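# Commentary on secondary and tertiary structure
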Amino acid sequence: MPGLSPKIGSMFGIDIQLHWSFILLLLLFLVLSVYLFLIWVLLFICVLIHELAHSITSKRNGVEVKKIVLYPFGGGSIIDFEKVKPDLEFRIAIVGPLMSLFLGAVFGIVAAYAPAGIIRYTIQILFILNILLGVFNLLPWLPLDGGRALRSYMQRHNDYYAATKKSVLVSNAITAIFIIGTFVYVIFIKGSFFYKEFIVLW
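Attention in this report is confined to the structure presented alongside it. (Residues numbered from 1 in each chain as written. Predicted model: local features only at pLDDT ≥ 70, side-chain atom pairs only at ≥ 80, totals over all residues. Heavy atoms only, no water.)

This part takes up the nonpolar core. Trp40, Phe44 and Ile92 are the most contacted members of the largest nonpolar core, which has 23 residues in total. Only β2 (14-18), α1 (20-32), α2 (34-60), β3 (65-71) and α3 (86-113) provide two or more residues apiece to this core. Filtering out sequence-adjacent residues up to four positions away, phenylalanine 44 remains in contact with Phe22, Leu70, Tyr71, Pro72, Phe73 and Gly74. Core analysis: the next-biggest nonpolar cluster, separate from the first, contains 7 residues, Leu103, Phe107, Ala114 and Ile123 among them. (Core = buried A, V, L, I, M, F, W, Y, C linked by side-chain atoms within 4.5 Å. Buried < 20%, exposed > 50% of the residue type's maximum accessible area, 1.4 Å probe, protein only. Helix = DSSP H or I, 4+ residues; strand = E, 2+ residues; numbered from the N terminus. Contact = heavy atoms within 4.5 Å.)

Shown next as structure tokens:
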């Protein structure tokens, strides 16, 4: 549904697009809670900064960036990594999580000096979310940034496709660990059936 995924602007010559499903989720949050809507908007400003770090690093190294797309649970810089040298792919991949961790550190410092109340609480949430975003993206799990960094490392001794296949195997192993870990967690935690079902589905 490309016609329903509008361009909302551009920064540094890079088009920024909202996926249609992201718009629907925003509307849902707005109906549920204005505060939840605000948190989600602030988080995705941080996600946009994360993606801009990827895109600006790419452009400065002569790599074309087609656009940035914001999805309901993340964002993506549309870059053709197949034509990028491994060492450059590593730098492009790693700069996003580092930016998220940097933002988290900034929010953590600001929260320490912010007045008590809703402002400090909101800043603390953004601190936690950015740290989680940075750490999660460092996992060697394609298509996350850590998976791209792993693939670039694999290309020291493999071509692009062989490195991608090996990175996918690692990603599959991590997926299996997450699935098994989730079921083990659900078995041992206390809670209603519906709560456990929610954890498994999530």
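Our next topic: the environment of leucine 88. Here leucine 88 is to be found in helix α3. Linking leucine 88 and serine 58, residues 30 residues apart in sequence, is a C-alpha distance of 8.3 Å. Residues in contact with leucine 88, not counting those within four places in the same chain, are Asn61 and Val63.

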